Amino acid sequence: TNRQLKFVVISLIYFYMGCNLYILFCSIVRFVRLDKIDDRGWWGKIKLSTWKYAIYNSKFTQDHLKKIVNLPGEVIYPPVNVGAFKPLIKQKMILSVGRFAMVGNPKKHDLLIEFFKQMSDQKLLSGWSLNLAGGLMAGNEDFLADLRQKAKGYSVNFFPNISLEDLIKLYG
C-alpha cells in the first residue's frame, strides 16, 4: 500500500558453484512517500543522516525535496523518447494507459468508466471522451468485453494491443 515503505533489490550479482547459488552483492533502494520525509524530529534527523545521495525522477521532485532536505543527487528521467511525441490540437479527452487484466484489476478501468459515466450524467463532461489503451493478453477478453458493456452508450473508446505509433498519436 501507499502507507508502507517499499524495498526493491536493484543490483544482484551472483554465481553458481555446483548446485549452490552465491550472492556476492545486493543493494537495496528505499522508496519513501514524499509526505513521509521529515527532518524535524530527532528520529528523522537520525534516519536522514544515513542518506548520502539521491536519484530524482524529475527536476520538479528534486526542487520539491530540496525544500525539505538538502540531499545531493542528480536527476535521471525515465527512459522515454520525448522527441517522438508531437503536440496536436487539444481535445476534450481523458487518456488512461494500462494493460487490460482481470486478475487484481490493477488499472481500475471499471472505476474510471463508472466515474466517467457519473460525471457525464451530471453534464460535467460535455463533449469529452474517455480513451482506454493498453495490452490485452489471452484470457482477458471477457474482462474487456465486460468493460465495453459497462461503457455502452457513453463516449468511451477502447484501444487493446495498440501499436506504439498509434499510442503516441493518442498522447499527442
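Residues numbered from 1 in each chain as written. Predicted model: local features only at pLDDT ≥ 70, side-chain atom pairs only at ≥ 80, totals over all residues. Heavy atoms only, no water.

### Here's the deal with helix H3 (residues 109-121)
Next up, step 1: Here H3 spans 18 Å end to end across 13 residues, near enough to the 18 Å set by a 1.5 Å rise per residue.
Next up, step 2: Buried residues of H3: His109, Ile113, Phe116, Lys117 and Ser120, and no others. On an axial view of H3, the arc spanned by its buried residues comes to 100°, and they lie on one face.
Next up, step 3: In this structure, the buried side of H3 is in contact with strand S5 (93-97), strand S6 (129-134), helix H4 (141-151) and strand S7 (156-160).
Next up, step 4: Count one or two residues on from H3 and you reach Lys123, which has phi positive near 60°. (Helix = DSSP H or I, 4+ residues; strand = E, 2+ residues; numbered from the N terminus. Expected span 1.5 Å × (residues − 1). Buried < 20%, exposed > 50% of the residue type's maximum accessible area, 1.4 Å probe, protein only. Arc of directions from axis to C-beta. Contact = heavy atoms within 4.5 Å.)

### Observations regarding the packing of aromatic side chains
Between two aromatic rings, the relevant description is the distance of the centres plus the angle of the planes.
Next up, step 1: In the structure shown here, the tally under the stated rule is one aromatic pair.
Next up, step 2: Ring plane angle 50° and centroid distance 6.4 Å describe the contact between Phe100 and Phe158, whose orientation is recorded as tilted. Taken together, the residues Phe100 in the loop between S5 and H3 and Phe158 in strand S7 connect sequence positions 58 residues apart.
Next up, step 3: Note on Phe100: relative accessible area 1%, which makes it buried.
Next up, step 4: The exposure class of Phe158 is buried, given its relative accessible area of 12%. (Phe/Tyr/Trp six-rings, centres within 6.5 Å; stacked < 30°, edge-to-face > 60°.)

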